[in-house]
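Here's the letter readout for the chains.
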Amino acid sequence: MPAVPLLTATIETALNKVLSLDPDAAPKLSQLQGKRLIVELDDLQQRFALVFSSKVDVLALADAPGPAGDDECIIKTRLSVLPSLRDTSQLTRLIKSGELEVNGELAIAQAFSGLLQSLNIDLEEQLAIRTNDVIAHELFGLAAKAQAQLQKAGRKAEAILGSALTDEKQLAAHKLAVMHFSDQVSSLRDDAERFEARLERLERSKQ
Amino acid sequence: MSEQQTPNSEETSSSEQSTHFGFKTVDRTKKASMVAGVFDSVAAKYDVMNDFMSMGIHRLWKRYTIDCSGIKSGHKVLDLAGGTGDLAAKFSRLVGPAGQVVLADINHSMLSVGRDKLRDKGVVGNVDYVQANAEALPFPDNHFDLVTMAFGLRNVTDKDKALASIFRILKPGGRLLVLEFSKPTNEMLSKTYDWYSFNILPTMGQLVANDRESYQYLAESIRMHPDQDTLKSMFENAGFEHCDYQNLTGGIVALHRGYKF
């Protein structure tokens with residue numbers, strides 16, 4: 001079975017489904033209409049193109065894309081760098097370090113990143129469409145309660161484990177002991193620096 | 001399977017006036033109308049049967065074809081024997097409003113189903129529909145950037161003539177992609193595939209589309225289609241350059257690619 005087309009089909013279906021769940025996504029997507037974002041992943045030796053129209057088409061390009069044309073942005077990077085691209089303030093550093101190569105209209109990549117980050121999907125509303133308001137509200141209420149209980153249980157377990165490790169088994173240092181130790185290290189470092197300064201002064205006075 | 005003729009017997013037929021229709025030998029002038037009869041019969045259930053027969057894998061083969069198309073905004077594309085418009089729908093979005101997609105099929109029933117399907121999906125504006133014979137395409141010379149033909153070439157009576165006709169209408173630098181059933185490269189797969197084709201496929205046709213004969217023809221026409229290397233030679237004879245092919249799913253299907261320079 002062709003694996004790469006299966007992957008792009010899955011990404012394309014998921015992406016368009018997610019975009020369809022946010023009513024505000026369509027006008028933002030229309031700003032990208034007719035543009036292409038090409039991502040070349042060196043480590044996978046694959047090139048993916050996202051072509052924007054009323055939806056997003058995802059292609060695994062068989063040929064090298066050539067120089068970026070109008071309305072095109074070509075990003076060359078590694079898979080591990082992709083998550084860093086969400087933070088646009090990191091782009092300059094990534095380009096300077098050679099981890100990212102950008103050709104064409106960078107605004108396309110930024111607009112797409114912005115579109116994904118601004119997605120606001122009301123899951124309760126989506127569930128209500130398939131069931132009804134009461135069921136959706138009750139289920140989400142239960143889920144919120146379960147989440148709060150889990151968080152509470154997690155915090156309690158964390159405290160018990162911490163106490164067991166520091167007080168009962170004494171496998172780890174207590175928070176106060178760590179702070180005291182840090183203070184002692186700082187004090188020692190200050191003493192050493194003072195001693196070094198005095199030593200230098202003495203050596204200079206002998207000369 | 002012993003009754004099978006050798007692939008590409010169309011070209012080696014003893015009579016210039018005869019060709020094959022599945023495993024039958026028929027008058028060349030009659031093949032087009034016989035193929036039309038098959039597709040008139042299956043048009044309404046074509047998509048359902050494709051999904052059912054291939055377990056949806058035909059969609060991945062078509063995606064791979066699009067991945068290899070090099071298509072860009074503003075390009076002119078001919079989806080030949082485009083049937084129910086699976087490729088044309090995607091091409092329409094990829095070429096954008098500045099581009100043009102022509103969905104062509106010799107069969108009026110298939111073209112009608114394709115047109116209705118695309119319009120229902122909202123694919124309008126840059127798609128034209130043309131009933132055309134691949135052997136004599138009604139388009140100007142050097143007109144298209146890309147011609148695709150998915151699961152259509154094996155039904156054409158004179159394949160060499162069709163390839164020459166496609167070559168004429170392609171722009172210099174344009175490419176032809178032919179996605180077609182081919183010959184499995186693995187002996188075991190080949191035997192399993194033959195058993196599936198001649199036993200399961202016609203039964204599926206009977207149950208789903210109430211048409212056993214058309215799906216018997218499908219299985220037979222696949223066996224009569226030229227193998228990968230023969231089709232590649234036919235591309236080269238028609239004038240295409242940099243020709244190659246990619247086997248998909250063990251050679252059950254192959255994507256042939258050729259360029260006009």
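About the cut-offs
- Residues numbered from 1 in each chain as written.
- Chains lettered and ligands numbered in written order.
- Predicted model: local features only at pLDDT ≥ 70, side-chain atom pairs only at ≥ 80, totals over all residues.
- pLDDT = per-residue confidence, 0-100.
- Contact = placed C-beta atoms within 7 Å.
- Helix = DSSP H or I, 4+ residues; strand = E, 2+ residues; numbered from the N terminus.
- Buried ≥ 20, exposed ≤ 12 C-beta atoms within 10 Å, placed from the backbone.
- Pairing = 2+ DSSP bridges.
- Axes fitted to C-alpha atoms, helices over the stretch in contact; angles between N-to-C directions.
- Parallel < 35°, antiparallel > 145°, perpendicular 65-115°, else oblique.
- Left-handed = near helix turned anticlockwise from the far one by under 90°.
- Nonpolar A, V, L, I, M, F, W, Y, C, P; charged D, E, K, R; others polar.

The next thing to look at is the confidence of the model for chain B. Residues and elements named next belong to chain B. Across chain B, pLDDT averages 85, with 90% of residues at or above 70. In the model, residues 1–14 has pLDDT below 50 throughout and makes 20 contacts with residues more than four positions away in sequence or in other chains. In the model output, the complex is listed with pTM 0.76 alongside ipTM 0.78.

This next bit is on unusual backbone geometry. Residue and element names in this part refer to chain B. With phi around 55°, Met-55 is a residue other than glycine that occupies positive phi space. Tracing the sequence through the fold places Met-55 in the loop between α3 (46–54) and α4 (57–67). Using a count of 8 C-beta atoms within 10 Å as the deciding quantity, one classes Met-55 as exposed.

With that out of the way, let us pick up the sheet that holds strand β6 (residues 144–150) of chain B. All names here are of chain B. Taken together, the seven strands give an open sheet; going across it, the order is β5-β4-β3-β6-β7-β9-β8, and neighbouring strands pair in mixed fashion. Among the strands making up the open sheet, the edge pair consists of β5 (127–131) and β8 (241–248). Strand after strand, the sheet turns through a mean of 15° between neighbouring axes, direction not considered. Across the sheet, helix α5 (residues 86–95) is in contact with β3 (76–80), β4 (100–105), β5 and β6; its angle to β4 comes to roughly 165°.

Residues and elements named next belong to chain A. Within strand β4 (residues 72–77), five of the six residues are buried, which leaves it mostly tucked inside the rest of the structure. Pairing analysis gives six bridges linking strand β1 (residues 36–41) to β4, with the strands arranged parallel. Each residue of the ladder has a partner; that of Ile-38, found in β4, is Ile-74. In terms of strand pairing, β4 meets strand β5 (residues 101–104) through four bridges, oriented antiparallel.

All names here are of chain A. Within the open sheet, the five strands sit side by side as β3-β2-β1-β4-β5. Their pairing is mixed. Single-partner strands in this sheet number two, and they are β3 (56–61) and β5. Across this sheet, the average inter-strand angle for adjacent strands is 15°, counted without regard to direction. The strands that helix α4 (residues 106–117) touches are β1, β2 (46–52), β4 and β5; relative to β4, the one it contacts most, it runs at about 80°.

Take the packing of α3 of chain B against helix α8 (residues 187–209) of chain B next. All names here are of chain B. Running from N to C, α3 and α8 point in directions that differ by 140°, and their axes come no closer than 11 Å. Viewed along their axes, α3 and α8 adopt a mutual orientation that is oblique. Here the hand of the crossing between α3 and α8 comes out right-handed. The residues of α8 that touch α3, namely those facing Val-48, Met-49, Phe-52 and Met-53, are Leu-201, Met-204, Gly-205, Val-208 and Ala-209. Grouping the constituent residues of the contact of α3 with α8 by class yields eight nonpolar, one polar and no charged.

The interface of chain B with chain A comprises 16 residues on the first partner and 16 residues on the second. Elements with a contribution of two residues or more to the side of chain B that touches chain A: α4 and α5 of chain B. Per-element accounting of the side of chain B that touches chain A gives the leading share, seven residues, to α4 of chain B. For the side of chain B that touches chain A, the residue count by class is eight nonpolar, four polar and four charged.

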